[in-house]
Each structure stands twice: as C-alpha cells, then as structure tokens.
Amino acid sequence: IPLVGTPTASDLSGTVQEIHQFAETHGPENVLLFFCDRPYPSSVDLEQVQAVRSFKQSVQSEGLYRPYTEPSEFAELFRQQLDMAMNEILASDQFSTASVGPQNQEVSLHPEANSILVVAAVAERGQILLSRMLAGHELSASGIVFNKTGDQRSEARWERGLVQLQQCGLIEDLGNDTVFRVTHDGYEQADDLWNILLLRRIDLLQTGEYDYVNMNQLLAEPVLGCKILQSVARERAAVLAQLGLLELVPSDGGISAVRLCDKARKFIRENVSLVFADLEVGDDE
C-alpha cells in the first residue's frame, strides 16, 4: 500500500515536494498536516512506513503536525483549525487590500487592459496617450497604436481597458484624460504580466523538455507589437530563476540562454486564463 509515493530528486515523494514548495512560497504557518495513527495493515510496504515516519519527524518541530486516530476526531480537529484560520484572516487587513497580481486577482483585468499595461510599462516614462480626432480616437503607448481608429467598437473596447486600469490604480491621469502614466502598483502588475508572457514565449520556442532557448531567439519577435527590451528580458529572467521557474545559462554579457523548469509549466497552466488582446490596427472588419 503506497503511503508517501514515488521519490523525486529532492524529496521523499512528489506530494512531499509540493508541500515543501507551498511552505516556502506561502510560509510554513499556512501548512497543517494531519497524520492518522491507526495501526498499519499487515500488507503494508515497510519502506513506505519508514518514509512516513521520517516525514513526520521532519515536520513535528515546525508545528505542522496534528495526529488523529478516528475519522470523527479528524473532522473535529479540521473544523477547529479551519475556525482558527478564518478568525485570523478576519482579524487581519487582508480584506481591505486589493491584490491585482495574476496569482491572486480580486479584479480580473480585461484582455485589453493587460495588453495596454505591458506595453506602457516599457514605454518612455510609462506614458499612454489617448488622442481624440475627427476621424476617431487613437490609443497608443511607446509608439504602438492599440485600436482601429474610426471603428467605434474597437475604440470602446480599448478605452474600457484604459478606464479599468485607472479604476484599479494601475495608471494615473496626468491631465484632460489624454495622457496617462503607469503607477508604482501598475509597474508591479506589469512585471507579473511580463513574467507570464516570457514563460509562454519560452514554452513555445523550447522544442524539447531539456533544450535551451537562446536569448537572441527570445528577443527576435515582438510581443503585442512591442519589441522585448533586452534589459526587461534579463531582469524578468533573473526573477523567474529566483522563483525556480527558469534555468539560466550565464555569459559574459549576462544571460545567453534559458529553459523552463518543471515548476514553470505548472505555473503556465495555472495562469492559462490570463488573456491578452491583440492589436486591432489594420484588421479587416
């Protein structure tokens, strides 16, 4: 009877590895493990028993361990811990702070808002321009026009994204609703969005599981009409490496190549619902 699972390169099993990764990311105080102390059946795998005991010993000192014997006891313990956790959350300020990062968004940004923000974040002074002309409105950043001027549906769609960014505090109006600038919160959100865009691009370019993607290849094609700046790519790649999502090949100039770690593919899947809108300039009706 398997109790822990198949060992991995770094842990007793994949389950144990995921528990450790969660504790590292969210803090060990947010992890609680319940172990059943009922006798093992005679057919149990002794190696698995020893693996469970080793794991128990490793977490007991961290305060993550709660034993139980009967299912009713487990239900009571779980309810108690859940009540305690909810009381801590309600007593904190977590409900008064809106997080707009892709990992934990209270406000789900429109695809157009995501696209405007990532382009504006690499624009000079982080500025966005809304030009109102007789022929129609033109929304642009870094010299890139997002909407199809004169197409009222296109104009309305992209201006809705602009308004949402302003409402979320990710951009600010510099005057007359024509010039906007990315805020500090906006840059932080844009960093998260660029992380996802780069991981998706690397995933597309990485032909084999263990193949590397040359940085020049990564920078060759624009994203949403915007050329990926080498400085942005290197900065985001370094952050992703620290998060255990990318493996880097260093060079004298900085980074020569990258490849996805297993954790990155899971991260990409978890953020598959994050959508960016393509530019509509020149599109046919």
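Right above here is the structure, for reference.
Residues numbered from 1 in each chain as written. Predicted model: local features only at pLDDT ≥ 70, side-chain atom pairs only at ≥ 80, totals over all residues. Heavy atoms only, no water.

> Could you give me a rundown of the nonpolar core, with the residues and numbers involved?
In terms of nonpolar packing, the biggest core is built from 53 residues, with Ile 128, Trp 194 and Leu 199 touching the most fellow members. Take this core: its biggest share by element is eight residues, from helix H6 (residues 184–205). Dropping the residues within four chain positions of it, Trp 194 is found in contact with Val 118, Val 122, Val 223, Ile 228, Val 232 and Arg 236. Judged by nonpolar contacts, the second largest core, of ten residues, contains Ile 19, Phe 35, Val 52 and Phe 55. (Core = buried A, V, L, I, M, F, W, Y, C linked by side-chain atoms within 4.5 Å. Buried < 20%, exposed > 50% of the residue type's maximum accessible area, 1.4 Å probe, protein only. Helix = DSSP H or I, 4+ residues; strand = E, 2+ residues; numbered from the N terminus. Contact = heavy atoms within 4.5 Å.)

> Got a sec to walk through the sheet that holds strand E3 (residues 127–133)? Specific residues and values, please.
Within the open sheet, the five strands sit side by side as E5-E4-E3-E7-E6. Their pairing is antiparallel. Looking along the sheet, the strands with just one partner apiece sit at the ends: strand E5 (144–145) and strand E6 (171–175). Where E6 and strand E7 (residues 179–182) come together, four bridges link them in antiparallel fashion. Within E7, the position partnered with Ile 171 by the bridge is Val 182. (Pairing = 2+ DSSP bridges.)

> Report on the sheet that holds strand E8 (residues 213–214), specifying residues and quantitative values.
Strands sit in the order E8-E10-E9 across an open sheet of three strands; the sheet is antiparallel. Only two strands of the sheet have a single neighbouring strand rather than two, namely E8 and strand E9 (246–251). Where E9 lies against strand E10 (residues 254–260), six bridges are found, and the strand directions are antiparallel. Note on E10: the bridge partner recorded for Leu 248 is Val 258. Where H6 meets the sheet, it contacts E8, E9 and E10, and its direction lies at approximately 75° from that of E10. (Axes fitted to C-alpha atoms, helices over the stretch in contact; angles between N-to-C directions.)

> Go over the environment of Ala 23, please, and point to the residues and values.
Note that Ala 23 resides in helix H1 (residues 14–26). On the accessibility criterion, Ala 23 (15% relative accessible area) is buried. Ignoring sequence-local partners within four residues, the contact set of Ala 23 consists of Pro 28 and Val 31.

> How would you summarise the pattern of salt bridges if you had to cite specific residues and measurements?
Here the structure, examined in full by the defined rule, presents six salt bridges. Across the pair Glu 112 and Arg 160 runs a salt bridge whose closest N-O atoms are separated by 3.3 Å. Taken together, the residues Glu 112 in helix H4 (residues 111–120) and Arg 160 in helix H5 (residues 152–167) connect sequence positions 48 residues apart. Taking the relative accessible area as the measure of exposure, Arg 160 reaches 39% and is therefore partly exposed. Between Arg 236 and Glu 235 there is a salt bridge, with its nearest N and O atoms 3.4 Å apart. Owing to a relative accessible area of 6%, Arg 236 belongs among the buried residues under this scheme. Because the salt bridges share partners, they merge into one network encompassing Glu 112, Arg 157 and Arg 160. (Salt bridge = Lys/Arg side-chain N within 4 Å of Asp/Glu carboxyl O.)

> Report on the environment of His 184, specifying residues and quantitative values.
Along the chain, His 184 falls in helix H6. Given a relative accessible area of 58%, His 184 falls into the exposed group. Counting along the chain gives 15 residues from His 184 to Gly 169, while the straight-line C-alpha distance between them is 9.0 Å.

This is a description of form; function is not addressed.
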